[in-house]
Amino acid sequence: MPLTQQDIDAEIAAEHAAYARRVADGAPVEHHPRRDYAPYRSSALRHPRQPPVTIDVRRDPELVELRSPAFGERDLSAVDDDLTRHHHGEPIGERITVSGRLLDRQGRPVRGQLVEIWQANAAGRYAHRREQHDAPLDPNFTGVGRTLTGPDGSYRFTTVRPGPYPWRNHVGAWRPAHIHFSLFGPAFTQRLVTQMYFPNDPLFRYDPILQSVTDDAARQRLVAVYDHGLSVPEFSLGYRWDIVLDGPDATWIEEGR
Amino acid sequence: MTTTDPGGPGTALPTPSHTVGPFYGYALPFPGGGDIAPLGHPDTLTLRGYVYDGAGDPLPDAFLELWGPDPAGNVPDVDGSLRRDQATGGHLGRNGVEFTGWGRVQTDADGHWYARTLRPGARGRSAPYVSVCVFARGLLTHLFTRIYLPDDEAALAADPLLSRLPDARRDTLVAARERDGVYRFDIRLQGEGETVFLEFA
Ligand SMILES: [Fe+2]
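This is a predicted model, so every value here is computed, not measured.

Moving on: the overall build of chain A. Tallying secondary structure elements over chain A gives four helices and twelve strands in all. Taking 2.2 N^0.38 as the reference for a compact globule, 257 residues should give roughly 18 Å; the C-alpha atoms of chain A span a radius of gyration of 20 Å, in line with that estimate. Over its C-alpha atoms, taken along the principal directions, chain A stretches across nearly 55 × 55 × 35 Å. Here chain A holds 257 residues, and the buried ones make up 55% of them.

Structure representation (structure tokens):
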């Protein structure tokens, strides 16, 4: 029997109900997906069964994980943050400006850190050889960008809005439109890879990857907001998305938490 | 999109993690990603291994990031891992002189990865190790582990992490010496011989 959307919907609902019961019984809010999340079939053989071993960083301030690799101007080229200018012609699609701030759990700006993004083109096709979706490639769009955060933790990209695309988790599976983000903080423990979504996408409820974040408020934090103030007249529509890195850094020790 | 935690002033709620998916390959890896050691450095070592899933099959679509101190135990503060050519926008590769301490390596179609880096020095109370972060399609949140080197038994015995693990689990964190300067470190995501993964709090 091929796996249908209805099967996946039922599994997603069961996972949400199980999470609601855990919280009602006093378990903490889960900000991140569980690695063992059956509706996303690829997780089945790729999640550890043993619980992680916890390292209390306050007991050893010298841990290399409390520091982070450095990135600088020579790691970027001039138009890396403008994905519409990586080829001779203009890419097809709705031009967008995506901007926000990179913050830590204390709400402080994370400065001078590397932000990398990748995405499908406006038709929902990645410029990747393994991509089998038969939507057209755009010779003027690769879909890879990089930048460093500014003194206030801000980042900004110019790109085109990616299209949704089908995948083979189950029959009729479609990913909502999204941009992949990779982020570094002042500590390697704060490393984050995630995806940014666009507001009001009708595919949200059907997508086991987004729904793997079972906490409603946490899931909402993956969705950018339309920001008319960021829109560039006669050029692009603006989306604002702030990113908060989890995990301890060296200042947790100084402040004694 | 709210980032303010009503439960505590001045605190922000974290952005959830997501899988890297299958298509990071044309975005995140870069030429020379695993050539972390400066050219000709006498303390260069080669690390290599496989990443396996719960069925024992190697993963062709995973990548690792390695992060470690220099042989004196100092943490590098040097950029330039991803140097770019300002004329073409392409990758220049590392300059072969400076040590950034950080690298990114993909598994190949056989699930094999390798990197050349400098032998890490000890820091604090820990035995020498290289920090590892594992990403893969199917992995909703990355995984941290460590590669300890097998050469100094006394240091390993005194290590605060290793010393609180049962022997079988501890051994998943210690690389096997294959020959001078070459070490094997396999990562098993699930099941028998499952690698010890870490969380930091
Ligand atoms: Fe994607």
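Turning to the coordination of the iron ion, a few remarks are in order. Taken together, the protein donors to the iron ion comprise A:Y126 (OH), A:Y165 (OH), A:H178 (NE2) and A:H180 (NE2), at separations of 2.0 to 2.2 Å. Around the iron ion sit four donor atoms; with metal-centred angles ranging over 89 to 157 degrees, the donor geometry is irregular.

Attention now goes to the UniProt feature "domain: Intradiol ring-cleavage dioxygenases" (unreviewed entry) in chain B. In the numbering used here, UniProt assigns the "domain: Intradiol ring-cleavage dioxygenases" (unreviewed entry) feature to residues 44-191 of chain B. Along residues 44-191 of chain B one finds 7% helix and 34% strand; the C-alpha atoms at either end are 33 Å apart.

With 46 residues, the main nonpolar core has A:W118, B:W102, B:Y148, B:L161 and B:L198 as its most contacted residues. Looking at this core, the elements that each hand over two or more residues are β1 (53-55), β3 (114-119) and β4 (144-148) of chain A together with β2 (62-67), β5 (129-136), β6 (143-148), α1 (153-158) and β10 (198-200) of chain B. Top contributing element to this core by residue count: β5(B), with three residues. Among all residues touching B:L198, those that are not within four sequence positions of it are A:P52, A:V53, A:I55, B:F144, B:T145, B:R146 and B:L161. Among the nonpolar cores identified, the runner-up in size contains 38 residues, and A:V115, A:A177, A:A224 and A:W241 belong to it.

Turning our attention to the confidence of the model for chain B. Residue and element names in this part refer to chain B. Residues with a pLDDT of 70 or more make up 95% of chain B, whose mean pLDDT is 94. The low-confidence segment residues 1-9, where pLDDT is below 50, has 17 contacts with residues more than four positions distant or belonging to other chains. Model confidence for the complex is summarised by a pTM of 0.96, with the ipTM given as 0.96.

Right, let's talk about the sheet that holds strand β9 (residues 192-197) of chain A for a bit. Two strands in a sheet stick together by hydrogen bonds in their backbones, pointing the same way (parallel) or opposite ways (antiparallel). Residues and elements named next belong to chain A. Judged by pairing direction, the sheet is antiparallel, and its four strands sit side by side in the order β4-β3-β8-β9 without closing on themselves. Both edges of this open sheet fall to β4 and β9, since each of them pairs with a single strand only. Ignoring which end each strand starts from, the neighbouring axes of this sheet average 20 degrees apart. Pairing geometry for strand β8 (residues 178-183) and β9, over six bridges, is antiparallel. When the sheet's bridge partners are listed, H178 is paired in β9 with Y197.

Further remarks concern the interface of chain B and chain A. On the chain A side, the residues contacting the 79 residues of chain B number 89 residues. Inspection of the region where chain B meets chain A yields eight salt bridges. Residue B:R146 is joined to A:E65 by a salt bridge in which the shortest nitrogen-to-oxygen separation is 2.7 Å. The interface formed by chain B and chain A holds 47 residue pairs in polar contact (both at pLDDT 80 or more) in total. Of all the elements in the fold, those that place two or more residues in the side of chain B that touches chain A are β2, β3 (102-106), β5, β6 and β10 of chain B. The leading source of residues in the side of chain B that touches chain A is β5(B), at five residues. Split into classes, the residues belonging to the side of chain B that touches chain A amount to 37 nonpolar, 24 polar and 18 charged. As paired elements, β1(A) and β10(B) share three bridges and run parallel to each other. Directly across from A:T54, in β10(B), lies its bridge partner B:E199.

On to the side chain of A:T159, then. Residues and elements named next belong to chain A. Along the chain, T159 turns up in strand β5 (residues 154-160). On the accessibility criterion, T159 (0% relative accessible area) is buried. A distance of 2.8 Å separates a polar atom in the side chain of T159 from a polar atom in the side chain of Q119. With near-sequence residues (within four places) excluded, T159 lies in contact with L83, T84, E94, R95, I96, V98, Q119, F141 and I179.

Overall, the coordinates contain 22 aromatic pairs over all chains when judged by the stated rule. Centre to centre, the rings of A:Y40 and A:W167 are 5.9 Å apart; their planes meet at 50 degrees, and the pair counts as tilted. Highlighted residues: A:Y40 in the loop between α1 (5-24) and β1 and A:W167 in the loop between β6 (165-166) and β7 (174-175), separated in sequence by 127 residues. Judged on exposure class, the residue A:Y40 and its partner A:W167 are both buried. Measuring from ring centre to ring centre gives 5.8 Å for A:Y197 and A:F204, while their planes differ by 90 degrees; the resulting arrangement is edge-to-face. The class of A:Y197 is buried, set by a relative accessible area of 0%. Residue A:F204 is classed as buried on the basis of its relative accessible area, which comes to 16%. Above the face of the A:W167 ring, A:R175 is positioned so that its terminal group lies 6.0 Å from the ring centre. A cation over a ring is seen here: B:R146 above B:Y129, with NZ or CZ 4.0 Å from the ring centre.

Moving on: the UniProt feature "domain: Intradiol ring-cleavage dioxygenases" (unreviewed entry) in chain A. In this structure's numbering, the residues bearing the UniProt feature "domain: Intradiol ring-cleavage dioxygenases" (unreviewed entry) are residues 98-126 of chain A. Span residues 98-126 of chain A is 0% helix and 41% strand, its end C-alpha atoms 19 Å apart.

Rules used throughout
- Residues numbered from 1 in each chain as written.
- Chains lettered and ligands numbered in written order.
- Predicted model: local features only at pLDDT ≥ 70, side-chain atom pairs only at ≥ 80, totals over all residues.
- Heavy atoms only, no water.
- Helix = DSSP H or I, 4+ residues; strand = E, 2+ residues; numbered from the N terminus.
- Rg over C-alpha atoms; globule rule 2.2 N^0.38 Å.
- Buried < 20%, exposed > 50% of the residue type's maximum accessible area, 1.4 Å probe, protein only.
- Donors = N, O, S within 2.8 Å, 3.2 Å for Na, K, Ca; no water.
- Tetrahedral: all angles 85-135°; square planar, octahedral: opposite > 155°, others 65-115°.
- UniProt positions renumbered as here; feature names shortened; annotations may be inferred.
- Core = buried A, V, L, I, M, F, W, Y, C linked by side-chain atoms within 4.5 Å.
- Contact = heavy atoms within 4.5 Å.
- pLDDT = per-residue confidence, 0-100.
- Pairing = 2+ DSSP bridges.
- Axes fitted to C-alpha atoms, helices over the stretch in contact; angles between N-to-C directions.
- Salt bridge = Lys/Arg side-chain N within 4 Å of Asp/Glu carboxyl O.
- Polar contact = N/O pair within 3.5 Å; in protein donor to acceptor, adjacent residues only side chain to side chain.
- Nonpolar A, V, L, I, M, F, W, Y, C, P; charged D, E, K, R; others polar.
- Phe/Tyr/Trp six-rings, centres within 6.5 Å; stacked < 30°, edge-to-face > 60°.
- Lys NZ or Arg CZ within 6 Å of the ring centre and 35° of its normal.

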